[in-house]
Amino acid sequence: MRKFRLFPLTLIAFLSFLSCQGRYEFIGDEYSEETTRLREQYNKFMYGSWTYTDSSSTSYLHQRYRFNDNGTFNGHVTKRSRDSVLVNGHMTLTDWKTFVDEDVTGEWSLIHIADQQRDVLFVNSGHIYIGNKFLEFITVNDSILKVESPFLYKKTIKMNRTASN
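Residues numbered from 1 in each chain as written. Predicted model: local features only at pLDDT ≥ 70, side-chain atom pairs only at ≥ 80, totals over all residues. Heavy atoms only, no water.

Trainee: Would you mind going over the side chain of Ser-109 with me for this structure?
Mentor: Note on placement: Ser-109 falls in strand E6 (residues 97-113). There is a polar contact of 2.7 Å between the side chain of Ser-109 and the side chain of Arg-39. Leave out the neighbours within four places in its chain, and Ser-109 touches Arg-39, Val-120, Leu-121 and Phe-122. (Helix = DSSP H or I, 4+ residues; strand = E, 2+ residues; numbered from the N terminus. Polar contact = N/O pair within 3.5 Å; in protein donor to acceptor, adjacent residues only side chain to side chain. Contact = heavy atoms within 4.5 Å.)

Trainee: Can you walk me through the pairing of strand E1 (residues 48-55) in this structure?
Mentor: Consecutive side chains along a regular strand alternate between the two faces of the sheet. Pairing analysis gives eight bridges linking E1 to strand E2 (residues 59-67), with the strands arranged antiparallel. Counted as the bridge partner of Ser-49 is Arg-66 from E2. Where E1 folds back on E2, the antiparallel hairpin that results is connected by three residues. Pairing between E1 and strand E10 (residues 156-162): three bridges, direction antiparallel. Residue Trp-50 lies in a different strand from E10, and its bridge partner there is Arg-161. (Pairing = 2+ DSSP bridges.)

Trainee: I tried to follow the nonpolar core on my own but got confused; where do I start?
Mentor: Across soluble globular proteins, you tend to see nonpolar side chains buried next to one another. Counting 25 residues, the largest nonpolar core has Met-46, Tyr-65, Phe-67, Leu-121 and Leu-145 as its most contacted members. Top contributing element to this core by residue count: E6, with four residues. If sequence neighbours within four positions are ignored, Tyr-65 has contacts with Gly-48, Ser-49, Trp-50, Phe-73, Asn-74, Gly-75, Val-77, Val-104, Ile-130, Pro-150, Phe-151 and Met-159. (Core = buried A, V, L, I, M, F, W, Y, C linked by side-chain atoms within 4.5 Å. Buried < 20%, exposed > 50% of the residue type's maximum accessible area, 1.4 Å probe, protein only.)

This is the structure in structure tokens:
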């Protein structure tokens, strides 16, 4: 009988946890004067399409995002790599292996985090690699967006504006 009572309580707790997944509340920072100033200064430049590509002989990463004025974003991410191996005494590149080639969607917002004294680009996505992250926001203008990469750990990337699609 005791096990029977424990099951409904466990089920209720689990369902409560699931209902809160993906929801974030910023206690004060989202509505602070600093956040308001940050958005007034930079939001107009954020709207539109941005790309970043990093490639070498053994790796390729392409990120494309479109930030919309309603606080949503969409895009596409491609990540590939290959190895350099010795074949008959000669270095040869293997075929590309694709790890990620997916569309991404979610919500975005510029926020000033007061207790850390830093500006961030908050992205809220259900994508396994992007997820929900506070990315260091450096700057944005008509042609360049400098931000911490959602894909590359603690690396600042310089995205270029592209024609809207």
